[in-house]
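The lines below spell out each chain.
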Amino acid sequence: MQANILFPINAEAFTYLVPEELKGKIKPGMRVLAPFKRGKKVGIVQSTVVSSQKSVVRNQNKDDAASCNTHKEITLKSIEAILDDEPLIPENLLKLIQWVGQYYMSTSGLALKNAVPSGIFEGKKGSRGRITYDHEVTPAKKINLTAEQQKALSEITSSGSGAFLLHGVTGSGKTEIYIRAIEELGDKEAIVLVPEIALTTQIVDRFRARFHDKVVFFHSGLSPGERITSWMKIRKGEAKVALGVRSAVFAPFRNLGLIIIDEEHEASYKQFEGLKYSARDVALARAKIEGIKIILGSATPSIESFYHAKKGKLGYLELTQRIEQRPMPRIEIIDMTKEEKESLSYSKKLLDVLKVNISQGHQSLIMLNRRGYSPFLMCTDCGYTYKCPACSITLTYHKDTKTLNCHYCNSYLKPQDICPECKGIKIKYIGLGTQRIEEELHELLPELNLKRMDRDTTTKKLSHYRIVKDMEDKKIDVLLGTQMVAKGHDFPNVTVAAVVFADVALNLPDFRSSERTFQLFTQLAGRAGRGDVPGEVYIQTYEPDHYVFDHVRNYDHAGFYEKEIELRRELSYPPYSKLIRIVFNFRNKEEGVKIMKGISGKIKRIFPPPTSLPKGGEGVEILGPSPASIEKIRYYWRWHLVLKGKDSRSLRRKAAEIIETLKDVKNVRIDVDVDPINLL
Ligand code: ADP
Ligand code: ZN
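Everything quoted here is computed from the prediction, not taken from an experiment. (Residues numbered from 1 in each chain as written. Chains lettered and ligands numbered in written order. Predicted model: local features only at pLDDT ≥ 70, side-chain atom pairs only at ≥ 80, totals over all residues. Heavy atoms only, no water.)

Remarks on the overall build of the protein chain
Looking only at helices and strands, the protein chain features 17 helices and 27 strands. Relative to the globule expectation of 26 Å for 680 residues, the C-alpha radius of gyration of the protein chain, 27 Å, shows essentially globular dimensions. Counting only C-alpha atoms, the protein chain reaches 85 × 65 × 50 Å along its principal axes. Within the protein chain, buried positions represent 54% of all 680 residues. Put simply, 75% of the contacts in the protein chain that link residues at least 6 apart link residues at least 24 apart. With 103 positive and 83 negative side-chain charges, the protein chain shows a separation of 5 Å between the mean positions of the two kinds. (Helix = DSSP H or I, 4+ residues; strand = E, 2+ residues; numbered from the N terminus. Rg over C-alpha atoms; globule rule 2.2 N^0.38 Å. Buried < 20%, exposed > 50% of the residue type's maximum accessible area, 1.4 Å probe, protein only. Contact = heavy atoms within 4.5 Å. Lys, Arg positive; Asp, Glu negative; His and termini not counted. Charge placed at Lys NZ, Arg CZ, Asp CG, Glu CD.)

Overview of the coordination of the zinc ion (ligand 2)
In the first shell of the zinc ion (ligand 2), the protein supplies Cys 388 (SG), Cys 391 (SG), Cys 406 (SG) and Cys 409 (SG), at 2.2 to 2.4 Å from the metal. Binding-site remark: the zinc ion (ligand 2) is held by donors from one chain whose sequence spacing is C-x2-C-x14-C-x2-C. Here Cys 406 falls in the buried class, since its relative accessible area comes to 1%. Looking at Cys 409, the relative accessible area reads 15%, which means it is buried. (Donors = N, O, S within 2.8 Å, 3.2 Å for Na, K, Ca; no water.)

Overview of the sheet that holds strand β18 (residues 412–413)
The strand order across the open sheet formed by three strands is β16-β17-β18, and the pairing between neighbours is antiparallel. Across the chains shown, the open sheet's two edge strands, defined by having one partner strand only, are β16 (396–398) and β18. Sheet topology places strand β17 (residues 403–405) next to β18; two bridges connect them, and they run antiparallel. Of the residues in β18, the one forming a bridge with Asn 405 is Tyr 412. (Pairing = 2+ DSSP bridges.)

A short note on the nonpolar core
In this structure, Ile 539, Phe 584, Leu 643 and Ile 658 are the most contacted members of the largest nonpolar core, which totals 112 residues. Setting aside its immediate chain neighbours within four residues, Leu 643 contacts Lys 578, Leu 579, Ile 580, Phe 607, Val 620, Glu 621, Ile 622, Leu 651, Lys 654, Ala 655 and Ile 658. With 28 residues, the next largest nonpolar core counts Ala 152, Val 192, Ile 260 and Leu 317 among its residues. (Core = buried A, V, L, I, M, F, W, Y, C linked by side-chain atoms within 4.5 Å.)

Concerning the pairing of strand β7 (residues 189–193)
Counting buried residues along β7, five of its five residues qualify, which places the element largely inside the surrounding structure. Burial along β7 is two-sided: Glu 189, Ile 191 and Leu 193 and Ala 190 and Val 192, pointing in opposite directions, are all buried. Sheet analysis places β7 next to strand β10 (residues 256–261), joined by five bridges and oriented parallel. Across the sheet, Val 192 pairs through a bridge with Ile 260, a residue of β10. Two strands pair when backbone bridges link them, and β7 and strand β9 (residues 241–244) are joined in this way by four bridges, in the parallel orientation. When the bridges of β9 are listed, Ile 191 appears paired with Ala 242.

Points about the site of ligand 1
The immediate surroundings of ligand 1 are formed by 16 residues, with Asn 144, Gln 149, Lys 174, Thr 175 and Arg 206 found nearest. Lys 174 is positioned with one of its backbone polar atoms (N or O) 2.9 Å from an oxygen atom of ligand 1. In the model, an oxygen atom of ligand 1 is placed 2.7 Å from a nitrogen or oxygen of the Thr 175 side chain. Within the complex, 79% of the 560 Å² of free accessible area of ligand 1 lies under protein. Examining the composition of the shell around ligand 1, we find that three residues originate from one element, helix α4 (residues 174–183), more than from any other. Looking at the shell around ligand 1, its residues break down into four nonpolar, seven polar and five charged. (Near = heavy atom within 4 Å. Polar contact = N/O pair within 3.5 Å; in protein donor to acceptor, adjacent residues only side chain to side chain. Areas by Shrake-Rupley, 256 points an atom, 1.4 Å probe, with all protein chains shown as cover. Nonpolar A, V, L, I, M, F, W, Y, C, P; charged D, E, K, R; others polar.)

Below you can see the structure in the form of structure tokens.
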């Protein structure tokens, strides 16, 4: 008997012999100890095979010349011990892990590594005892669902499986539906995915109030010990709900009944490093494998999901009203080319609004989606600007640290007082960042309590939580920040939300940038007027005629969708096609150009011209290779090509073919991104 063993490394399973005495005991999903290279490693049994079958064998002894010879018989090593009495990884989760490895053109091993806490392979036990909380929650109030909520809920509960899009305006009571749907699962369990930034105490407390210690949390702040404890609690069947970010999609439930993805449109569901999976799409795959229900919730559904709802692939549930008929905030676009200004960042109009709002005891949110003080320093004599030595990115000036920071590789340098190019002394700060709009507002209205929320102020473990708490306790008059301020919060006393400089987001060279902008501004608007007093929203821009503002102003998701889907159709971008992006990274620029020339030749042989996308079917179109928009990151020069096709299997096959032809090319690192969410 043989067993295929998966290790949490970037590889497929390795084949081992199963010793006689372990034959009756070994099952897929169990942990085993096996010799690996010159040591030992803990892995998971992926499958077992009876030896007489000629199976494809991968040898674990690659470095071992004596036994590694693919032309002769391979001597397999034997498993040493089985570490579990019953399978630790549930069968369906094991299937999901394999699916992830394959779909994302990665490996099952890397998928396993992403799915299961590393401590599980190190034989570590979780921290002892119960998961502790730092505060008690107030018991849940009894809530009577509105008619719309009731209708949506009964559609969900009356079906045994299937996928739903719950499209509900901000504050329409989506979270309440999630909770009820879970309560009606009987003895079945649920996974709730939220974007990282939305995982605040607010949502956590609401789930704790209903499910008490039966809810387990997954977020990036857990220690390795806490991670194992949470994971084991689920595995032992002691939890009802796993609430968390991306990796919670792999929670080891054995009796799963429902998956919920809140804010399904959020880009942060996609992992950008290593295994580039989308937790939303993995969740859809898991729901299929488990044969269960899944709810995608959003106030601003992604173009893709809305399209699938229209085509009937997702059941469409709509909440059109805020709870208690609270009005949606009025949205005003402020034309900065005409408006009187009090400072670089603030129009007189916005400043007056803020003053009035504070005088009434209300709070305000201000967003500028760019951190730092100013996006560049420039010498006004010669036009010199500082660039990152490692990336083709201008450096952002951070005033608190007096450094120029690269937002791609996190390196920084200290600017000099004189221009490095012409030795001039007229260095200017150009453009706005969150630090600068905070400083300006402080100078204009010194009596206000301001707080900034962006990646720089929220790196410490509980800092994000503290800001939210101070907002709730009304210790902050104005919360300024990046998109972080727009996401998920429920502050009833916030009645004004504003965007300082909307133009930052408008003109990125990416096919999803209008969608992002529409979603972001609508989400921000959703933070205002959630209590008894109606909200107001102000968006300052130098491009007031941009079409996105008409749709934002009128909460016109349908109209925006119609416009956007037409563009996608014309260019045959998703959802009309699927994309796979292949990025080539080179240390040396000139060598990269040379290698890419060679590669282009090889690719032309796989894709003889003309390269076009036939209607439907197996056609695959190729764009590039060409230099990526961001030409250099972390000292690597980047080229990319994008494959476009209707059928994801033929698309993957073509991509695999390309990668296979290139496997002997030296000095290039290849990254594959299946369903990329940007092409920069
Ligand atoms: P969403 O998730 O759509 O933004 P929430 O579920 O957070 O909306 O609901 C907004 C607010 O309304 C919350 O404070 C919630 O407790 C409350 N709420 C939800 N449903 C009801 C209801 N049927 N009756 C009264 N209050 C409700
Ligand atoms: Zn850099």
